[in-house]
Amino acid sequence: MNETVDSPRSGSDGLIIANMSLVAYIVRETMSRVPAHVSRDDLCSAGLVALVKASHSFEPERGVPFARYAATRIRGAILDELRGIDWASRSVRRRGRNLDETRSRLASILGRNPENAEVANALGITEAEVANNDGDVARANVLSLHAGTDASYEELLVSPAPGPEAEAEHRERLQYLTAAIEELPDRMRVVVQEYFLAERPMAEIADSLGVSESRISQIRAEALVLLRDAMNSALDPDLLAPHARPDGSAAKRRVAYFEAVAARHSSQRASQRTGQHAGSNAGSNVVALHEIA
C-alpha cells in the first residue's frame, strides 16, 4: 500500500484514490474539536480539493512521502475553511453573552458563583440548554487558539504565512495561556487539562472527581472566564470587564490570580532566555493543538 501511495508511477489519480482515506481521517479528527453545526461535507470538500492540488504539485525527488506532504496541505486547507466559517453562530455568541451577564448578576446577588440550575431558572431555559451552549462557546474559543493537530502552526498555514509580528504575538498569547492554565485553582486546572488537552469525555472527568457532569460543565465555564480575564488583564486591558463587586473577596482573589499568572509568565520567559525549558505539559499541548481564549 505504501508503495502505491508514494510511487510517482501510479500518477496523480492513483495518489488521490490511495489517499482519500487520509482526508476522512483528518476531517474526523477535526470534527471532534469543533461545534456540532460545522459541516462535515464542507471540510471534506476542502480536504479533497487540497489532496488533488497536492497530487499535482508533489515532487517525489524531494524524498518526502506523499502521505506526509498531502496531510500538511489538507490540514491547512481545512484550517482555512474553518476560518471562513462562522462556526460560532451569532445566536450561540448572543446566548453566551446572556449567560455571562446572568452569571455575573447572580454572583453579585448570591455572593458566590451560581449553579447552572440557577442560571437556567433566571433565563427561563433548561439546565441542559445552559450546558450545551457553554460547550459550543467553549469549543469555539478553543478552536480560535488551536487547530487541533500535531503539526506546528507554521506547518499548518500553507498561505499566506504570518509575518514576524503576528508570529511573535501568537507565541506570546500561547505562553501567557500556559501560565494562566497552570495557575488555575486545582479543580479548574484538572477540568481544563482533562477536557481540552487530554480530550477525556465529560462523564469520565465527573466520575474521577466525584461530581456530576453538570458541575463539570459549570467548572469549565468558570475556568474559561478566568482564563479569558487573565489574558485580557495583561494583553488586552480594554477588554477586561470590571468585577461586579470590586471590593469583595471574589474580586481580590481574581486580582491575586492575575498577579500569579503574570509572575509565572515572567518566570517562564526568564527561563527561556537562559536556555532552560520553560512551560509544562499543558503548555506544550496547547501549542501542539494551535490557538483557549
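Residues numbered from 1 in each chain as written. Predicted model: local features only at pLDDT ≥ 70, side-chain atom pairs only at ≥ 80, totals over all residues. Heavy atoms only, no water.

A.B. asks: Even after reading the chapter, I still don't get the confidence of the model for the protein chain, so can you show me in this structure?
C.D. replies: Note that predicted coordinates carrying low pLDDT should not be read in detail. Averaged over all residues, the pLDDT of the protein chain equals 76, while 74% of them reach at least 70. Mean pLDDT across the secondary structure elements of the protein chain bottoms out at helix 9 (residues 153-156), with 37, and peaks at helix 12 (residues 202-209), with 91. Note that residues 1-10 has pLDDT below 50 and, in this model, 16 contacts with residues that lie over four places away or in other chains. Note on residues 276-293: pLDDT under 50 across the span, and 64 contacts to partners over four residues away in sequence or across chains. (pLDDT = per-residue confidence, 0-100. Helix = DSSP H or I, 4+ residues; strand = E, 2+ residues; numbered from the N terminus. Contact = heavy atoms within 4.5 Å.)

A.B. asks: Which parts of the structure should I look at to understand the nonpolar core?
C.D. replies: Side chains of nonpolar character tend, in soluble globular proteins, to be buried together. The biggest cluster of nonpolar side chains holds 25 residues, and the ones touching the most others in it are L184, V192, L227, Y257 and V261. Those elements that provide at least two residues to this core are helix 10 (164-182), helix 11 (186-197), helix 12, helix 13 (213-235) and helix 14 (249-273). When residues of this core are assigned to their parent elements, the largest contribution, eight residues, is made by helix 13. Beyond its immediate chain neighbours, meaning those up to four positions away, L184 contacts R189, V192, A223, L226, L227 and Y257. With 21 residues, the next largest nonpolar core counts V27, A70, A77 and I78 among its residues. (Core = buried A, V, L, I, M, F, W, Y, C linked by side-chain atoms within 4.5 Å. Buried < 20%, exposed > 50% of the residue type's maximum accessible area, 1.4 Å probe, protein only.)

A.B. asks: Any chance you could explain the pattern of salt bridges here in plain terms?
C.D. replies: Two side chains that carry opposite charge are able to pair once their charged atoms sit near each other. Taken as a whole, this structure holds eleven salt bridges when the rule is applied. For E29, the salt bridge is made with R75, and the minimal N-O distance between the two is 2.6 Å. Residue E29 is found in helix 3 (residues 20-31), and its partner R75 is found in helix 5 (residues 66-83); the two are separated by 46 residues along the sequence. Here E29 matches R75 in class, with each residue buried. Here D134 makes a salt bridge to R103, at a shortest N to O gap of 2.6 Å. Residue D134 is located in helix 8 (residues 127-145), and its partner R103 is located in helix 6 (residues 90-110); the two are separated by 31 residues in the primary sequence. (Salt bridge = Lys/Arg side-chain N within 4 Å of Asp/Glu carboxyl O.)

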